[in-house]
Amino acid sequence: MTNDPWLRALLEGAAVVTALMTAVAWITWLERKIAGRIQSRLGPTMVGPFGLLQPLADAVKSMQKESIVPRDADALLFWLAPPLTLALALGTAAVIPFSPGLLASDVDIGVLYALALSGLLSFPIWIAGWASNNKYSLLGGMRMVAQGISYEIPMVLSALVPVVLAGTLSMGGVVRHQAEHGWFVVSAPGVGFVAFLVFLLTALAEGNRIPFDIPEAESELVAGPTTEYTAIQWSLFAAAEYAHSLLASAIAATLFLGGWDGPVLPPAVWMVLKTGALFLLITWLRWSLLRLRSDQLMSLCWKLLVPLTLLLLLGAGTWVTLAT
Amino acid sequence: MTPGGYFFGVCAVVAVLGALATISARNPIRGAMGLLATIVGIAGMYVQLSAQFLAAIQLIVYAGAVVVLFVFVIMLLGPDAHGADGGKRPGSWARWIAAPLVSVLLLGGAVLLARVSTPQRFRAAPPGHGTIEAVGGDVFGRALVPFELSTALLIVAAVGAIAIARSRATKPSERPASVGATRRLFGGAIHPRDARTVDDEVAR
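Below, the structure is looked at part by part. (Residues numbered from 1 in each chain as written. Chains lettered and ligands numbered in written order. Predicted model: local features only at pLDDT ≥ 70, side-chain atom pairs only at ≥ 80, totals over all residues. Heavy atoms only, no water.)

1. Points about the overall build of chain A
Our working definition: The helix and strand labels rest on DSSP assignments: H or I over at least four residues marks a helix, E over at least two residues marks a strand, and numbering proceeds from the N terminus. In this treatment the radius of gyration is a C-alpha quantity, and the globule benchmark scales as 2.2 Å times the residue count to the 0.38 power. To be clear on the numbers: accessible area is Shrake-Rupley with a 1.4 Å probe, and residue cover counts the displayed protein chains and nothing else.
Of the regular secondary structure elements, chain A holds 13 helices and 0 strands. Written out in order from the N terminus, the α and β elements of chain A read α-α-α-α-α-α-α-α-α-α-α-α-α. For 324 residues, the compact-globule estimate of 2.2 N^0.38 gives 20 Å, and the C-alpha radius of gyration of chain A, at 20 Å, lies within 12% of that figure. Here the C-alpha coordinates of chain A stretch approximately 65 × 50 × 45 Å along the principal axes. Accessible surface, chain A: about 14,200 Å² in total, of which carbon and sulfur atoms supply 71%.

So this is what it looks like as structure tokens:
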């Protein structure tokens, strides 16, 4: 490895992004397989063994399609939105500890950094909806911002529970604390577990997944903010959605399930297993549940989750005070 | 120049370009996007100054909340993707006088100050000045009273805003049907349920 920290950061960043995008490509395959099984279908079978080469075929297809910009769209913002969405979704990876040594950047505010990027994610999607100059896109984009900014609050508050319990905002520090004192999902009585559930729920809402995919709502808004997008730009949005789901699973595993901590197997394998299990859960939910209505979404957030997470934070503080 | 210096330079350029876009964009949404670029650029500068906590807070509060609020306000006023009509408004000549005048005055003031007193360098910040411990210690220790007062101010402002908005709102049945936010955006209801506005929800 070279000694220049900036060059090293660049190389590590490229490695992490490449690994993630590869994972994202085959996660689309996995999701289609699971969706197929849940609906008594087979999913992709034709391209390669078990349809394993389907993501490659999809990538080639979307790259050679024509990118269409609507005549009355705001072309600059229309072009800018998809790469921005993907960049924000991937940016979280910088602070996720995959093993004790494998962590791109153990800054002392890792949790805050991840939450900040996640909170910004609804922005480029809204830009996409607005720049398309289409009423379905715009309505979808407005719903995205309203949903994103509402669910950011319980998300941050529930992520602060492990932070309070561990006494640090560094992702690596949170995992090290759990490796010594037990995973937060079980160690702090009740508080950790409920916070874990709330965090998963809010991550679903931020990631625009069922039961919270109200911005996209294909039965009423065509495809929401991405209605006017075609070809590779649409693929960027799809990749961003999967990357966000995957990284949200990784963050939940890090904050609540002990991250890389686990017996026998090497740490990185544990991290991948936990992230994969959470992603599986999210996918299962997606193909089992129905979509909420906008007003149900808002009352769930403001009347239940926000007071609940405030109480949880209070509980975590009490627990830490009593324990010391 | 070190790579860190280049990073700082890039952030500075992004911030300045964003600021220019904010004040020069015809279209309010593009203006808001320029403001977002400025905020992100300043957050990058905070990182380079090893104040990571401040950078994250900058992103969460300003980019994640304040700009979103601006966007909501702009949307409720009803823009479209073509931008403003761009016609000459009365009084638009004033800016050609006011902007240079203010610039010259500010520059003159700065030069005058530099002549009168010798500029002094700031003390170098102690190591760890941007960490959570340092900021938290200041906010909940030395600056506790101003901090709490500012939260009280924000609460009062929020209550005042709601009071003003509520006192003007009439009963949904007495209000002309054209004032709903959706109707203003699209010139008519898309779906009967969309014609119901937030105010109606509150009134219920």
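2. Looking at helix α13 (residues 294-323) of chain A
Residues and elements named next belong to chain A. What counts, and what does not: Each residue after the first adds 1.5 Å to the expected span of a helix. Using a 1.4 Å probe on the protein chains alone, a residue whose accessible area is under 20% of its type maximum counts as buried, one over 50% counts as exposed, and one in between counts as partly exposed. Contact between two residues is taken to exist if any of their heavy atoms lie within 4.5 Å; hydrogens are not considered.
Taking 1.5 Å per residue as the helical rise, α13 with its 30 residues ought to reach 44 Å, and the 41 Å between its terminal C-alpha atoms agrees with that figure. Of all the residues in α13, the buried ones are Leu297, Cys301, Leu305, Val306, Thr309, Leu312 and Ala316. Buried residues along α13 sit in contact with α6 (135-166) and α9 (191-206).

3. Here's the deal with the packing of aromatic side chains
This is how the line gets drawn: Geometry of aromatic contacts follows a simple scheme: Phe, Tyr and Trp rings, the Trp one being its six-membered ring, pair when their centres are within 6.5 Å, and the pair is stacked under 30 degrees between planes, edge-to-face over 60, tilted otherwise.
The tally for this structure, following the rule as stated, stands at 7 aromatic pairs over all chains. Seen from their ring centres, A:Tyr229 and A:Phe237 are 4.9 Å apart, and the 80° between their planes marks the pair as edge-to-face. The same class applies to A:Tyr229 and to A:Phe237, which are both buried. A centroid spacing of 5.6 Å and a plane angle of 75° characterise the contact between B:Phe140 and B:Phe147, whose relative ring orientation is edge-to-face. Classification of B:Phe140 by relative accessible area gives exposed; the value is 57%. Taking relative accessible area as the criterion, B:Phe147 reaches 32% and is therefore assigned partly exposed.

4. Digging into the interface of chain A and chain B
Our working rule: Accessible area, probed at 1.4 Å, shrinks when two parts are joined; the buried area is that loss added up over both. We count a salt bridge whenever a side-chain nitrogen from Lys or Arg sits within 4 Å of a carboxyl oxygen from Asp or Glu. Any pair of N or O atoms that falls within 3.5 Å is considered a polar contact. Within protein, one atom must be able to donate a hydrogen and the other to accept it, and sequence-neighbouring residues count only if both atoms are side-chain atoms.
Chain A puts 26 residues into the contact, and the matching count from chain B is 33 residues. Here chain A meets chain B over a buried area of about 2,800 Å², counting both sides, of which 80% is carbon and sulfur. The largest share of the area that chain A buries against chain B comes from A:Trp6, A:Phe123 and A:Trp130, three residues that together contribute 22% of it. Our count for the contact surface shared by chain A and chain B stands at 0 salt bridges. Put simply, chain A and chain B have 0 residue pairs in polar contact (both at pLDDT 80 or more) between them. For the side of chain A that touches chain B, the secondary structure elements donating two or more residues are α3 (75-91), α4 (110-120), α5 (122-131) and α6 of chain A. Among the elements that line the side of chain A that touches chain B, the one with the most residues is α6(A), at 8 residues.

5. Regarding the nonpolar core
Keep this limit in mind: Throughout this description, the term nonpolar core refers to a set of buried Ala, Val, Leu, Ile, Met, Phe, Trp, Tyr and Cys residues connected via side-chain atoms within 4.5 Å.
Counting 90 residues, the largest nonpolar core has A:Phe123, A:Trp126, A:Leu255 and B:Met33 as the members making the most contacts within it. Counting residues per element, this core draws most heavily on helix α11 (residues 231-256) of chain A, which supplies 14 residues. With residues up to four places along the chain from it excluded, the contact list for A:Trp126 reads A:Gly141, A:Met142, A:Val145, B:Ile29, B:Met33, B:Val71 and B:Met75. Membership of the second largest hydrophobic core comes to 11 residues, among which are A:Leu204, A:Ile282, A:Leu305 and A:Val306.

Just distances and angles here, no functional claims.
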